[in-house]
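Structural characterization, general
Listed below are the residues making up each chain.
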Amino acid sequence: MNKSRPIFSGCRSAALCALIACGIIIPSPNHVAAAPQQKSQPPTANAANAVVAPPALTRTTTRREVRRFNYGSTLTLYGAPEGSITVEAWARNEVEIIADVELRADTEEELAQLAGVNGLVVDDEANHLRIITTGTHDRKYMRRVAKDFPKKLLALPWKIDYHIRVPALVDLEIYAGRGALSLGGVEGAIRLHAGDGNVALALTGGDISAT
């Protein structure tokens, strides 16, 4: 009697191949080709987020001026772009100006160049005293006195802190930048233009206009 051969082995193999081709049965991971790996690129530096190192050197010099100043006169101060201003009254008919000039740069040579332009000028008239801050922030001034000034030094930080004593009965005009401002004991008219900073006013009389 002849034994019949199983007829399902060939059909089963064909069905299995069809299922694999249709994606119903996923082949073993050993038979899957590995996807090519992409090499990671090094991060590129962003110029906008780059950290700029502060200047290495700092130099602070103090300048003191004393001028005779009559009661009822006017004092005008054009402050630095950055720095504090303190004005207080005293019993003398004089003005005392103390200015602490702080410069920053990377070399002594650069500090010397900045010291030649960053400072102050005192313009003394009969009844009007002007204190004018000069420096790299004033383009007209720089074109007039330092046409060949290095451009890289124009953006270096610097400041002047003013401490001024005046007679009580005087008029004041103050143009300040960024920094603390303190004013006390003055009885004359006051015109104030300030940028950013804490302001402390201790007034005993007179009119005031402040921005």
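Right above here is the structure, for reference.
Described below are features of the structure shown in this document. Remember, it's a predicted structure, so these values are computed and weren't measured experimentally.

1. Section: the overall build of the protein chain
Secondary structure summary: the protein chain contains three helices and 12 strands in total. Taken across its 211 residues, the protein chain has 29% of its residues classed as buried. The contacts in the protein chain between residues at least 6 apart in sequence include a share of 64% that link residues at least 24 apart. For the protein chain, the computed accessible surface area is about 14,300 Å², with 53% contributed by carbon and sulfur atoms.

2. Considerations on the sheet that holds strand E11 (residues 199-202)
Taken in spatial order, the six strands line up as E1-E4-E7-E3-E9-E11 in an open sheet, and their pairing is mixed. Strand pairing shows two members of the sheet lacking a second neighbour, strand E1 (57-68) and E11, which therefore form its edges. Between one strand axis and the next, the sheet turns through 10° on average, direction left out of account. In the sheet, strand E4 (residues 94-105) pairs with strand E7 (residues 158-167) via eight bridges, with the strands oriented antiparallel. Bridging across to E7, alanine 99 finds its partner in tyrosine 162. Where helix H2 (residues 108-115) meets the sheet, its contacts fall on E1 and E4, and the angle it forms with E4 comes to roughly 145°.

3. Quick word on the sheet that holds strand E10 (residues 190-193)
Read across the open sheet, the six strands follow the order E5-E6-E2-E8-E10-E12; overall the sheet is mixed. Unpaired on one side and paired on the other, strand E5 (119-124) and strand E12 (208-210) mark the two borders of the sheet. Averaged over all pairs of adjacent strands, the angle between strand axes in this sheet comes to 10°, irrespective of strand direction. Taken together, the three bridges between E10 and E12 define a ladder with parallel strand orientation. Counted as the bridge partner of leucine 192 is alanine 210 from E12.

4. A few points about the pattern of salt bridges
Side chains that differ in charge, positive against negative, can pair when their charged atoms come close. Applying the stated rule across the entire model yields 13 salt bridges. Notably, a salt bridge pairs glutamate 65 with arginine 63, separated by 2.9 Å at the nearest N-O pair. A relative accessible area of 18% means that glutamate 65 is categorised as buried. For arginine 63, a relative accessible area of 32% gives the class partly exposed. Aspartate 161 is the partner of lysine 159 in a salt bridge, and the nearest nitrogen-oxygen pair spans 3.8 Å.

5. Some details on the nonpolar core
Counting 39 residues, the largest nonpolar core has Leu75, Ile97, Tyr162 and Ile164 as its most contacted members. Per-element tally for this core: the top contributor is E4, with six residues. Ignoring any residue separated from it by four or fewer positions in sequence, one finds isoleucine 164 in contact with Leu75, Leu77, Thr86, Val87, Glu88, Val95, Glu96, Ile97 and Ile131.

6. Thoughts on the packing of aromatic side chains
Scanning the entire structure with this criterion turns up one aromatic pair. With a centroid separation of 5.0 Å and an interplanar angle of 5°, the aromatic rings of tyrosine 78 and tyrosine 175 are classed as stacked. Placement of the pair is tyrosine 78 in strand E2 (residues 74-78) and tyrosine 175 in strand E8 (residues 171-175), with a sequence separation of 97 residues. Classification of tyrosine 78 as partly exposed rests on a relative accessible area of 34%.

7. Some words on a nonpolar patch on the surface
There is a patch of nonpolar side chains on the surface, built from Val199, Leu201, Leu203 and Ile208 and spanning about 300 Å² of accessible area. Locating valine 199 in the fold gives a position in strand E11. Accessibility expressed as a relative area gives 46% for valine 199, which makes it partly exposed.

8. Considerations on the side chain of histidine 128
As for its placement among the helices and strands, histidine 128 is situated in strand E6 (residues 128-134). A polar contact is formed between the side chain of histidine 128 and the side chain of threonine 76, at a distance of 2.8 Å. Ignoring anything within four residues of it in the chain, the contact list for histidine 128 reads Thr74, Thr76 and Asp123.

Cut-offs used in this document
Residue positions are counted from 1 within each chain, in the order its sequence is given. Local features in this predicted model are restricted to residues whose pLDDT is 70 or higher, and side-chain atom pairs enter the listing and the counts only when it is 80 or higher, whereas totals over whole chains, interfaces and linings include all residues. To obtain the side-chain values, all non-hydrogen atoms of the structure were included, while hydrogens and water were left out. Labels follow the DSSP assignment, with helices taken as runs of H or I lasting at least four residues and strands as runs of E lasting at least two, numbered in each case from the N terminus. Remark: exposure states derive from per-residue accessible area (1.4 Å probe, protein chains only) relative to the maximum for the residue type, with buried under 20%, exposed over 50%, and partly exposed in between. Contacts are assigned to residue pairs that have any heavy atoms within 4.5 Å of one another. The accessible surface values rely on the Shrake-Rupley method and a 1.4 Å probe; as for residues, cover is taken only from the protein chains in view. Note on pairing: DSSP must find at least two bridges between two strands before they are called paired. Convention adopted: a line fitted to C-alpha atoms gives each axis, helices being fitted over their contacting stretch, and angles between N-to-C directions are expressed from 0 to 180 degrees. A pairing counts as a salt bridge when a side-chain nitrogen of Lys or Arg comes within 4 Å of a carboxyl oxygen of Asp or Glu. Only buried Ala, Val, Leu, Ile, Met, Phe, Trp, Tyr and Cys residues count toward a nonpolar core, and they belong to the same one when joined by side-chain atoms within 4.5 Å. Each pair of aromatic rings taken from Phe, Tyr and Trp, with Trp reduced to its six-membered ring, is defined by centres within 6.5 Å and is described as stacked if the planes are under 30 degrees apart, edge-to-face if over 60, and tilted in the remaining cases. Like charges within 9 Å and nonpolar side chains (Val, Leu, Ile, Met, Phe, Trp, Tyr) within 5 Å are joined into patches, using only residues over 30% in relative accessible area that form no salt bridge. Pairing of N or O atoms within 3.5 Å defines a polar contact, subject to two protein rules: one partner must be a possible hydrogen donor and the other a possible acceptor, and residues neighboring in sequence count only if both atoms are side-chain atoms.

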